[in-house]
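The residues making up each chain are set out below.
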Amino acid sequence: MESVSLNFDPDAAVIFSTLAQNGYKAYIAGGFVRDSLLGRKPKDLDIVTNALPADIENLFPDTCSVGKEFGVVIVRVSHRGFEVATFRKDNPYLDGRHPNGVEFSDEESDARRRDFTINGLFYDPLSHRIIDYVNGLEDIDRQVIRAIGNPDDRFDEDHLRVLRAARFASVLEFTIDPATSLAVRQTAPKLARISRERIREELTALLTQSPRAGRGLELLRELGILDVILPDVAATIGQAQPPEYHPEGDVFTHTKLMLDQMENTSAQLAYAVLLHDIGKPLTATRGPGRDGLTRIRFDGHAEKGADMAEKILRGLAMSNSDVEAITHCIRNHMRFIDVKHMRTATLRRFVGGPYFATELELHRLDCLASHGSLENYEFIQRFLKTLASTPPMPERWISGRDVMALGIPEGPEIGHWVETAYECQLEGSFTDKQEALHWLREQVQKRGASDSAAS
Ligand code: ATP
Ligand code: MG
């Protein structure tokens, strides 16, 4: 057993010492140990112990038992909650995801019920020892994802592990052991039975946490997972594109290159990149390009893709606000072609939109992963600089009340004047509210005069 010193939240220390003083064992388990050993920032700290839930509740003043039937108690220390779970083994799995109940057990079987060897390690914070029943240390060293026990059985018990294998391999840039990889391929079709929320969580982790998410997407293809969870993305494999715009190759290759170049990725950006061109296979036709020569065209692919993306994202139980943001980015991603020809007011509305930061990054990646020219991106950057501290869509200088004050009766004409005035304001036709009011007065008078001349 190896001796190392892992850093963890000092608030958790009291949990370990209290359990030890009362004769119980208590370890840190799973992802925290893995990430600490790899020099990565760990997420949640999971504690395991041989104390039973009732013992844990007796020992600590502030507890709540969210999953008592699974042997999990939340212990609160300084208003922070820590999950403390009793060593357990899972009963047989019946539905391809959940065990038919759990049974309290010893530490070795708690290690063995976990998915991969790198996730099966314990750390004893009092003796500073790693406890390794599954050869996890060796696999961390060799950078290998390997199922604990018989891989076929383990993936058959819980099919979600198929996607977790791909997620960990991609995020950690580990290889998958051949026997594990074979079992993943065999079980991949059964992912269709797994809940869409859990699929989304693993897929989002793969897309947003991988140093090269394009490599992660390729792995999903190689393992036969892509066809099952994202058939519309799989359909972009081999979809040819005009080489003058896309020297990199087919739509799938282009998407992978974009994913590989993402940095500090939000989930919204990741899904916008993943799905931005899925409308291409269904809209591909041959027709004359700008040079008059016949080439492949994808007219309307952004709109088609946004509609398809909406169905996919809803199918993954994505939140309404994410669906709205991602589909907006996809629907509008071709508008960047026209930015140099837009009127100032149109451009301001475009850059002032609620999702523009994500749209702009999507566009930058789109260029980098194809022709490489950042002309329109840089044009936008210059335009944003000219706006300086003025918001692209400032407050309106002319309100409905200003229009009514000039004697216009309530009705659609008010809206017409308010909108026209705002368009001129965005175009930069006025320098301040006074000028805008002056213009409005003149326009309304002119309109009044021409109306009475006509009647
Ligand atoms: P992350 O850093 O994303 O939180 P993690 O390894 O901590 O990664 P969790 O989903 O938080 O993953 O699970 C905590 C631990 O529980 C894992 O390290 C693993 O030991 C075990 N575990 C999680 N999901 C499964 C599963 N489907 N089958 C078996 N063991 C699992
Ligand atoms: Mg975790």
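The rules behind each value
- Residues numbered from 1 in each chain as written.
- Chains lettered and ligands numbered in written order.
- Predicted model: local features only at pLDDT ≥ 70, side-chain atom pairs only at ≥ 80, totals over all residues.
- Heavy atoms only, no water.
- Phe/Tyr/Trp six-rings, centres within 6.5 Å; stacked < 30°, edge-to-face > 60°.
- Lys NZ or Arg CZ within 6 Å of the ring centre and 35° of its normal.
- 1 Å grid on protein atoms, 1.4 Å probe; cavity = no way out; pocket = protein on both sides within 12 Å on 5 of 7 lines; lining within 4 Å.
- Points joined across faces, edges and corners; volume = space filled by probe spheres on them.
- Helix = DSSP H or I, 4+ residues; strand = E, 2+ residues; numbered from the N terminus.
- Nonpolar A, V, L, I, M, F, W, Y, C, P; charged D, E, K, R; others polar.
- Domains from an automatic or database assignment.
- Axes fitted to C-alpha atoms, helices over the stretch in contact; angles between N-to-C directions.
- Parallel < 35°, antiparallel > 145°, perpendicular 65-115°, else oblique.
- Left-handed = near helix turned anticlockwise from the far one by under 90°.
- Contact = heavy atoms within 4.5 Å.
- Near = heavy atom within 4 Å.
- Polar contact = N/O pair within 3.5 Å; in protein donor to acceptor, adjacent residues only side chain to side chain.
- Areas by Shrake-Rupley, 256 points an atom, 1.4 Å probe, with all protein chains shown as cover.
- Sits in = over half its atoms within 2 Å of the grid points.
- Buried < 20%, exposed > 50% of the residue type's maximum accessible area, 1.4 Å probe, protein only.
- Salt bridge = Lys/Arg side-chain N within 4 Å of Asp/Glu carboxyl O.
- Expected span 1.5 Å × (residues − 1).

### Topic: the packing of aromatic side chains
Argument step 1. In the structure shown here, the tally under the stated rule is 11 aromatic pairs.
Argument step 2. An aromatic cluster of at least three residues, connected via ring pairs, comprises Tyr27, Phe87 and Phe122.
Argument step 3. When the ring centre of Phe168 is taken as reference, the NZ or CZ atom of Arg167 above it lies at 4.3 Å.
Argument step 4. Seen from the ring of Tyr422, Arg396 lies directly overhead, with NZ or CZ sitting 4.3 Å from the centre.

### Remarks on the layout of surface pockets
Argument step 1. As a volume, the largest pocket reaches approximately 1300 Å³.
Argument step 2. Asp46, Arg113, Arg114, Arg164 and Arg198 are, among the 42 residues lining the largest pocket, the residues nearest its centre.
Argument step 3. Of all the secondary-structure elements, those providing two or more residues to the lining of the largest pocket are helix H2 (31-37), strand S3 (46-49), strand S4 (63-67), strand S6 (80-86), strand S7 (88-90), helix H7 (160-172) and helix H9 (196-209).
Argument step 4. Tallied by class, residues from the lining of the largest pocket come to 15 nonpolar, seven polar and 20 charged.
Argument step 5. Summarising the domain contributions, the lining of the largest pocket has at least three residues from each of domain 1 (1-139) and domain 2 (143-229).
Argument step 6. Lining the second largest pocket are 29 residues; nearest its centre among them are Tyr245, His246, Arg290, Met334 and Ile337.
Argument step 7. When residues of the lining of the second largest pocket are traced back to their parent elements, those giving at least two are strand S14 (294-297), helix H16 (301-315), helix H19 (356-368) and helix H20 (375-387).
Argument step 8. Taken together, the residues of the lining of the second largest pocket break down into eight nonpolar, 11 polar and 10 charged.

### Considering unusual backbone geometry
What is expected of a backbone is that most residues other than glycine have negative phi and most peptide bonds are trans.
Argument step 1. Its identity as a non-glycine residue notwithstanding, Gln143 has a phi of 60°, on the positive side.
Argument step 2. Among the secondary structure elements, Gln143 is positioned in the loop between helix H5 (136-142) and strand S11 (144-145).

### A word on the packing of helix H13 (residues 251-260) against helix H14 (residues 267-275)
Argument step 1. Interaxial distance between H13 and H14 falls to 8 Å at its minimum, and their mutual angle equals 160°. For the element pair H13 / H14, the angle class is roughly antiparallel. The element H13 and its partner H14 pack so that their crossing is right-handed. Where H13 abuts H14, its residues Thr255, Met258 and Leu259 lie against Ala270, Val273 and Leu274.

### Let's talk about the packing of H16 against helix H17 (residues 320-331)
Argument step 1. In the contact formed by H16 and H17, the axes pass within 8 Å of each other and the chain directions differ by 160°. Taken as axis vectors, H16 and H17 run roughly antiparallel relative to one another. Viewed along their axes, H16 and H17 form a crossing whose handedness is right-handed. Listed contacts from H17 to Ala302, Glu303, Gly305, Ala306, Asp307, Ala309, Glu310, Leu313 and Arg314 of H16 are Asn320, Val323, Ile326, Thr327, Ile330 and Arg331.
Argument step 2. For the contact of H16 with H17, the per-class residue count stands at seven nonpolar, three polar and five charged.

### Describing the site of ligand 1
Argument step 1. Residues in contact with ligand 1 amount to 17 residues; listed here are only the nearest, Arg34, Lys43, Asp158, Arg161 and Arg167.
Argument step 2. Gly31 is positioned with one of its backbone polar atoms (N or O) 3.1 Å from an oxygen atom of ligand 1.
Argument step 3. In the model, an oxygen atom of ligand 1 is placed 3.1 Å from a nitrogen or oxygen of the Arg164 side chain.
Argument step 4. Starting from 580 Å² of accessible surface for ligand 1 in isolation, the protein chains cover 81%.
Argument step 5. Spatially, ligand 1 is embedded in the largest pocket.
Argument step 6. Only H2 and H7 provide two or more residues apiece to the shell around ligand 1.
Argument step 7. Element by element, the count of residues in the shell around ligand 1 is highest for H7, at four residues.
Argument step 8. In terms of residue class, the shell around ligand 1 is built from one nonpolar, three polar and 13 charged.
Argument step 9. When residues of the shell around ligand 1 are sorted by domain, at least three fall in each of domain 1 (1-139) and domain 2 (143-229).

### Some points on the side chain of Lys280
Argument step 1. Inspection of the secondary structure assignment puts Lys280 in helix H15 (residues 280-283).
Argument step 2. Judged by relative accessible area, Lys280 falls into the buried class, the value being 5%.
Argument step 3. What Lys280 contacts, discounting residues up to four positions off in sequence, is Gln241, His246, Val251, Phe298 and His301.

### Section: the pattern of salt bridges
Argument step 1. Inspection of the entire model under this criterion finds 38 salt bridges.
Argument step 2. In this structure, Arg164 and Glu202 form a salt bridge, with 3.2 Å as the shortest nitrogen-oxygen distance. Highlighted residues: Arg164 in helix H7 and Glu202 in helix H9, separated in sequence by 38 residues.
Argument step 3. In this structure Arg164 comes out as buried when scored by relative accessible area, which is 19%.
Argument step 4. What makes Glu202 buried here is its relative accessible area of 3%.

### With respect to the environment of Pro61
Argument step 1. Among the secondary structure elements, Pro61 is positioned in the loop between helix H3 (53-59) and S4.
Argument step 2. When the C-alpha atoms of Pro61 and Val75 are compared, they prove to be 8.4 Å apart, with 14 residues separating the residues in sequence.

### Regarding H7
Argument step 1. Helix length check: H7, at 13 residues, gives a terminal C-alpha distance of 18 Å against a target of 18 Å (1.5 Å per residue), a fit within 8%.
Argument step 2. With 13 of its 13 residues buried, H7 lies for the most part within the structure.
Argument step 3. Where H7 ends, the next residue or the one after it, Glu173, has phi of about 55°, a positive value.

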